[in-house]
Structure formats: structure tokens, C-alpha cells
Amino acid sequence: MSLPLVVAVPSKGRLQEQAEAFFARAGLALAKPGGARDYRGTISGLDNVEIAYLSASEIAAQLARGTVHLGVTGEDLVRESIVDADKRVLLIDTLGFGGANVVVAVPQAWIDVRTMADLDDVTTGFRAQHNRRMRVATKYINLTRNFFAQHGVVDYRTVESTGATEGAPAVGAAELIVDITSTGATLVANGLKVLDDGVILRSQANLVASREADWSVDSRESARVILDHIHARARASKYREVRTRFKGCNDALLAEVHNRFGVVAPFGSPTSSGMLTLHCPPAHIYAVGSFLRDHGAETVSVASLDYVLDRDNPLFAKLDAFLVK
């Protein structure tokens, strides 16, 4: 029997709740047969899948080593901790939670420092005056080095932060910081501001695949089923189902409603009886309903969609292409 497909999920806090809710919405119920404190789990109905509950940073490390096939973790951790990340892992899809930005932040008192070019000038002057380089406190050593190099900033040194990074300038441990922030409120509370062009990365939780994992035929099939669920749910969330019937409905009318409102007809032209099923973006529901009534429809019904299963799954196609490179 082949080894199971291993999917790593955050082990605690808000990220775990959001990850489990994401999979549940896709019809993939995560369970812990051994109890709430167990660090191994399953997906109901999928026998060849094992859930590994790990910290977000450990998930990135395990993906790099290939000890898990798929993992839910932030892009910031992937970019920071995995060398040549784009060759070793694949960011299959963004998941819509865990959003935060990795930013360069300086003291608000530096009123003349608003951009990375300004920072370059200040760091050069600081070194000439103090005979030492400015210190940048951060947990993101690699992201900082790459970003600063892109902007030609060289007169600095990184100080690895082990605690609350935003407090480093106030206690004299560094002159500025690179840190992750979601609202910026903590930075402001500590007398810091983000440079106008100082957003290094806009990160959020991603479903990530490891090239290094053992991708057997069975594990690929399990991944296909999981990605089928996820894509079907994402596809459904973008539309509402609109149904109507009237004799005046024809291909020309379908083309007009598509061009004007982004509506698609998943089952093609109307039936001989004039019955028509459309998928419509939620923002255009009323406009489409009015358009159809103006052209002869007596009744237009609208329903939510749970899943839309297409023949082709772009998420699995993306994974399959990555693994065969």
C-alpha cells in the first residue's frame, strides 16, 4: 500500500480555525480521531490522506524537505525560509485569510524619510557620522537583504529579532525594522511609519505543494480530489444560478447578456421549451433579472451554488505541470 498524501495545517489559534473552515467550505471535513490534542488527523471520506498539524513556520520547513506534500502557510514564510522557493515549492492558490504585509518601518520622527531612496541617503550619512552601520531589526533576514539590494541600500546591518520587533527602536536595539503587519496599528503605537514604497511582500495563507515529496500515483490522485473540491467551491462562490424560461431566448440574447454582465451559460443554448440556466456574478443579479424580464421572461429564479465541478481543474493542472518539470 502506498504512503498517504500528507497535508500540513496550522496547529493552533486563528490560523488553524481559518484553515479548517476553508477545507470545510470545500466539503473536506478535517477530523482528529485521536482527540483534540492529537497532531495527526484525517479528511472524512479520503482514506489515503493524512493531516499533520504543525506551526506555520514548521510547515514551510517540511515543504522544503518534502516530508509533506501540501501545506497551508504564509507566503512570507515560504519566501523567507526556502532558498529558490519557486523551484522547490508551488504556491497553488491563495486562501483568502492570514493576510499581512512585510514592511520597512522607520521612526515617525524621521519626517524627511518617506521612501527607500531617502533611507539610502540616511544610512549613508549615519555611517559617515557614527562610523557604524544602521541596524535593522527583523525576523525576515533574507527578504530584507533582497529588498534592500533591489533598492541599492547597503549601509546597514540586520539584527535578528527574537521578541517584539516593533519595540526595537524604542529600546535602542535598532534604528529601524522590517516586520509583518496587518493593520499597522501596532507600528503606529510604537512611533513607527511604513515607507511609501516599503511594502516588501503582501502575504496571505497559501496552499503550497512540495516538489521534494514522494508523489506516487495514489498521492497525485488524492491531491486531484482535494483540488477538485477547492476549485468547485471557488467557482461556485463567484456566481449565482439564474433560471428562467421564455420562447424569445436565443443565442444572440445569450451573447448580449454575457457581454454586458459577464454571465455564462454552463449548459449551452436554451432548450426547445426555452428553459435556460445561467451563472451570473452576484453584483449583476438584479440587472440580469431585469434584462431577461424586459425580453419576455415571466419569472426569473435565483439560487446560491455550493459547488461547480468543471471537467478541467486549473489547480490540479498547475500542480501536474510543476511536478513534471
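What comes next is a walk through the structure. Everything quoted here is computed from the prediction, not taken from an experiment. (Residues numbered from 1 in each chain as written. Predicted model: local features only at pLDDT ≥ 70, side-chain atom pairs only at ≥ 80, totals over all residues. Heavy atoms only, no water.)

Here we look at the pairing of strand β1 (residues 5–10)
- Buried residues dominate β1, accounting for six of its six residues.
- What you see with β1 is no split at all: L5, V7 and V9 on one side and V6, A8 and P10 on the other are buried throughout.
- Bridging between β1 and strand β4 (residues 46–54) involves six bridges; their strand directions are parallel. The residue of β4 that forms the bridge with L5 is V49.
- Bridge count between β1 and strand β5 (residues 70–74): two bridges; the pairing is parallel. Bridged to A8 within β5 is G71. (Buried < 20%, exposed > 50% of the residue type's maximum accessible area, 1.4 Å probe, protein only. Helix = DSSP H or I, 4+ residues; strand = E, 2+ residues; numbered from the N terminus. Pairing = 2+ DSSP bridges.)

Focus: the pattern of salt bridges
- Overall, the coordinates contain 15 salt bridges when judged by the stated rule.
- The salt bridge partner of R79 is E75, with a shortest N-O separation of 3.2 Å. Here E75 and R79 lie together in helix α3 (residues 75–81), a separation of four residues that amounts to about one turn.
- Across the salt bridge formed by R132 and E175, the nearest N and O atoms sit 3.6 Å from each other. On the criterion of sequence distance, the pair formed by R132 in the loop between α5 (116–130) and β8 (134–138) and E175 in the loop between β9 (156–160) and β10 (176–181) is long-range, its members being 43 residues apart. (Salt bridge = Lys/Arg side-chain N within 4 Å of Asp/Glu carboxyl O.)

A short note on the side chain of D179
- Following the sequence through the fold, D179 ends up in strand β10.
- Of the buried charged residues, D179 lacks a salt bridge, with K139 as the closest side chain of opposite charge at 4.9 Å.
- Beyond its immediate chain neighbours, meaning those up to four positions away, D179 contacts N101, V102, V103, Y140, T165 and E166. (Lys, Arg positive; Asp, Glu negative; His and termini not counted. Contact = heavy atoms within 4.5 Å.)

Quick word on the layout of surface pockets
- Approximately 310 Å³ is the volume found for the largest pocket.
- Lining of the largest pocket is provided by 19 residues; of these, L15, A56, G74, D76 and L77 occupy positions nearest its centre.
- Put simply, the parts of the chain that give the lining of the largest pocket at least two residues each are α2 (56–65), β5 and α3.
- Class assignment of the residues belonging to the lining of the largest pocket gives a composition of nine nonpolar, eight polar and two charged.
- Around the second largest pocket sit R79, I82, V83, D84, A85, D86, L143, N146, F147, Q150 and I200, which together line it.
- Contributing elements (two or more residues each) for the lining of the second largest pocket: α4 (85–88) and α6 (141–150).
- No other element matches α6, which puts four residues into the lining of the second largest pocket. (1 Å grid on protein atoms, 1.4 Å probe; cavity = no way out; pocket = protein on both sides within 12 Å on 5 of 7 lines; lining within 4 Å. Points joined across faces, edges and corners; volume = space filled by probe spheres on them. Nonpolar A, V, L, I, M, F, W, Y, C, P; charged D, E, K, R; others polar.)

Observations concerning the packing of aromatic side chains
- Considering all chains together, one arrives at three aromatic pairs under this definition.
- A ring pair is formed by F22 and F23, whose centres lie 5.6 Å apart and whose planes are at 75°; its orientation type is edge-to-face.
- Here K32 stacks its cationic end above the ring of Y53, 4.1 Å away from the centre of that ring. (Phe/Tyr/Trp six-rings, centres within 6.5 Å; stacked < 30°, edge-to-face > 60°. Lys NZ or Arg CZ within 6 Å of the ring centre and 35° of its normal.)

Some points on unusual backbone geometry
- A positive phi angle, near 55°, is found at D84, a position not held by glycine.
- Within the fold, D84 resides in the loop between α3 and α4.
- Here D84 falls in the partly exposed class, since its relative accessible area comes to 48%.
- The backbone of N131 shows a phi angle near 60°, a positive value even though the residue is not glycine.

Focus: the environment of Q62
- Relative to the helices and strands, Q62 is located in helix α2.
- Residue class for Q62 comes out buried when judged on its relative accessible area of 16%.
- Leaving out residues up to four positions away in the same chain, Q62 has contacts with L54, T67 and V68.

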